Each structure stands twice: as C-alpha cells, then as structure tokens.
Amino acid sequence: MTILNGLGLTRIPPEGEALRAEVRAFLQEAVKDIPAHIRAKSWSGYDPAFSRKLGEKGWLGMTFPTAYGGHAQGAFARYVVVEELLNFGAPVGSHWIAERQSAPLILKYGTEAQKQRYVPPVARGESFFCIGMSEPNAGSDLASVRTRAVPNDAGWLLNGQKIWTTNAQHCQYMIALVRTSGEATDRHKGLSQLIVDLSLPGVTVRPIEDMSGDSHFCEVFFDNVQLAPDALVGAEGQGWEQVTAELAFERSGPERLFSSVVLFDQWLAFLRTEAAPRTESLRLAGQILTRLAPLRALSVAVQEKLVQGQSPIVEAALVKDQGTVLEQYIPAAIADDLMAREGAAIPHELLLTLNYLTLVSPCYTLRGGTRSILRGMIARGLGLR
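If you're wondering where the values come from, they're calculated on a predicted model, not measured in any experiment. Chains are numbered independently. Their residues run from 1 in the order of the written sequence. Per-residue local features of the predicted model are confined to residues with pLDDT of at least 70, and side-chain atom pairs are confined, for both listing and counting, to 80 or more; whole-chain, interface and lining totals are unaffected and use all residues. Based on all heavy atoms of the structure, the side-chain values leave hydrogens and waters out of the count.

1. A closer look at the overall build of the protein chain
Part 1 of the reasoning: Note on conventions: DSSP H or I runs of at least 4 residues are helices, E runs of at least 2 residues are strands, and numbering of each starts at the N terminus. Each helix and strand in the protein chain was counted, giving 14 helices and eight strands.
Part 2 of the reasoning: The C-alpha atoms of the protein chain give 21 Å as radius of gyration, which agrees with the globular expectation for 385 residues (21 Å, within 12%).
Part 3 of the reasoning: The contacts in the protein chain between residues at least 6 apart in sequence include a share of 77% that link residues at least 24 apart.
Part 4 of the reasoning: Computed by Shrake-Rupley with a 1.4 Å probe, the accessible areas treat only the displayed protein chains as cover when residues are assessed. Accessible surface, the protein chain as shown: approximately 16500 Å² in total, 54% of it carbon and sulfur.
Part 5 of the reasoning: Charge convention: Lys and Arg are scored as positive, Asp and Glu as negative, and His as well as the terminal groups of each chain are ignored. Where a charge lies is defined by one atom per residue type: Lys uses NZ, Arg uses CZ, Asp uses CG and Glu uses CD. On the protein chain, the mean spot of the 37 positive side-chain charges and the mean spot of the 40 negative ones are 4 Å from each other. Restricting the calculation to C-alpha atoms gives the radius of gyration, and the globule rule supplies 2.2 Å times the number of residues raised to the power 0.38. Two residues qualify as a contact provided that any one of their heavy atoms is within 4.5 Å of a heavy atom in the partner residue.

2. A look at the side chain of Thr 10
Part 1 of the reasoning: Examined against the element boundaries, Thr 10 turns out to sit in the loop between α1 (2-5) and α2 (14-17).
Part 2 of the reasoning: For Thr 10, the contacting residues outside a window of four places in its chain are Phe 76, Val 300, Ala 301 and Glu 304.

3. What to know about the pairing of strand β7 (residues 217-227)
Part 1 of the reasoning: By the convention used here, strands pair only if DSSP detects at least 2 bridges between them. In this structure, strand β3 (residues 155-162) lies alongside β7, joined through six bridges in antiparallel fashion. When the sheet's bridge partners are listed, Lys 162 is paired in β7 with Val 220.
Part 2 of the reasoning: Both strand β6 (residues 203-208) and β7 contribute to a ladder of six bridges, which runs antiparallel. Each bridged residue has a counterpart across the sheet, and for Ile 208 the counterpart in β7 is Phe 217.

4. Section: helix α10 (residues 261-273)
Along an α-helix, a turn takes 3.6 residues, which lines up residues three or four apart on a common side.
Part 1 of the reasoning: The span expected for a helix works out to 1.5 Å for each residue beyond the first. The end-to-end C-alpha distance of α10 is 19 Å, a good match for the 18 Å that 13 residues give at a rise of 1.5 Å each.
Part 2 of the reasoning: Lining the buried residues of α10 we find α4 (36-39), α6 (75-88), α11 (279-307), α12 (313-339) and α13 (348-360).

This is the structure we're talking about:
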C-alpha cells in the first residue's frame, strides 16, 4: 500500500483559487445560451472560436513558459480553470488534447525548433492535436502497436492505422506512437512518437458514428506518408517512456470525474422545484456527492505529485478507473430515479441530457485505457499481483 500512503490531502493553493470567480463569471455568460444536452458533451465539443477566446483570456497554455506563448503559471491555476470549464459544460474539445498533453510533451522532449513551431499556436487556441495511440487488435495494449515508421533519405515513411482518435477530422496534427525498430513482440523496445501533419498525402481520416449520433471518434490510415526528419519527438526508441508519462496527465484530471456533472446539476435543479422531493432522491444526491468528494481529493493529490515532477502512473489510473465508475453510475441512477415518478412532468431538456449520457457513457470505460488494463496496473502497483 506504499503508493496510496504517499498521497496526502492537498488543497489548491490560494493563487489558484483566486481565478475561480473570474472564470465562473466568464463562463456564466459564455454558455448561457447552450442547452444542457449540448453542454454535456463538453470535452468532446468542438468549438474553435471558443478555444480562441480562452487563448485571448490567457487560459490556455497557462503552465507553458512565456518564451513559447505561455503564461508560466502554476499547475493548480490551470486545474481550477479546467474544473470550471467542465463544471459548466464548456465546449473545450478543439484544444483539449493539444493543451493538456501534446504541447507539454513537446516542451519536455522536443527540440527547440519543435517548441517554437508547435507550442505557441496551442496557447493561442489555434492549433489542435489528436492522440495516435490505440490501434485495431491492440486497444489498451499499446506495446503491441504495429503502425511503423521506417527511416529513409527524406525522413520517415509511415504506414499503418490508428483508431478511437478523438476529433482527428478537426485537428491539424497527431502525435502517433509507432514502431521505428524491432517487431511487435519486442514490446516496449523500438517505439517512438512522431508528429504527423494530417494534411499530408496518404493520410485518410474516417469519423466513426457512435450510439449518440456523434462522430468525434475516428480511424486514421497512413499509406506511405512521408514525414520530415524533425517529425520525431525526442530520441528514437523513447516512445514508451513518453507515453507512460503522458498518460498520467490524461488519466488524473477533473475530466475523469465531471463527464456527467451537467446532468447531475440539471437533476438537482429539478429536485429543487419539487415541493417535497422523494426521500430516495435526496439519498441518491448524498450518495453521489459523497463519492465525488474523495475522488476529487484524490485527483488534486495526484496533481500535486505531477507538480513535484513525479510520474504517478498507478495513482492516475486509480482516479480514472473509479472516476469512470461514478460517471457511469450517475446517468443510470438518475434514470432510475426519474422513471420512478409515475405521471410526473419531467423537463424535456433534462430528459435530452439523460438520453445523451446514457448513450455515450459506455465509452467512458474505454477512453484513456480500458478498465481491465487499468485495474491490472493498480493491482500490480499495490502488490496484489
């Protein structure tokens, strides 16, 4: 249990909390005309104009060095902004991956030329990245990826396929985990990450429609795509190290807790209109809040480890796993509560929001790592296997 013992109760420092009131005031105006069932899409919602507004406010690239268009603020200031964006259901999907992990990856491992080229547009909300990790027949077993980049006189020749690539149809770039040497049986050896310009010849992006009717998941094909030598991020063969560090950022933030929060807020607002809310409804509200509070505390504690320069991979997996459990529980439990009201007039917008989250919530178990993979990681980290 050494890993969990290393997590202490962490409070967001005052300089981070000081931003919250300003962000809330901005968002109350910015999203007031967006229906709840649209706001429920939040971090898959594509709105580049909104992303540019955040860039103008200085709320993108907050932790980036000023030399690369950032604002050199603390990670907890960014945490507060992200938490409020998700709480209000703001459409952050355009810049989400680029600002959360692609630009930080380039800042950590990239060349000076890569930092100057790719990072400032991300901070302005003008440049968008997608993640090229998962593949057909590989899933969360990233070490078995088969997409390959072969060095040649012009740089790298890329062939293969990626899947579940969120918003790839809207992005300019992908950071792809590919095999640059060895074979799939070599597992972690010979993996590298490359920056792929998605407008290059040989790149095909095909959106995949999900049950809700959205098409933010995509499959991406590479057919003899010629990349320049400077497409490589860091050193050849360093991909696995980069990906494991990157996933700690992807799995531990508020987005792993708040995917169903717009529905929860809509439901609470409905309960407040009732003269005498059902006892079962009040009990359910308490259950959700008492599960959310410790998970949020865990997420903040993991953020503190990231601030300290650590790589809390197992702890981040725990946030993602248990956050997913709660995010899927909320629409199921609220559906049961609403359907128990025979003949009650339930607001149409509340039902639309519930319908959307009911359809989309099964994917929460997949994105950012499947439940079986994450629980295996957690068990190993706790010494249970």
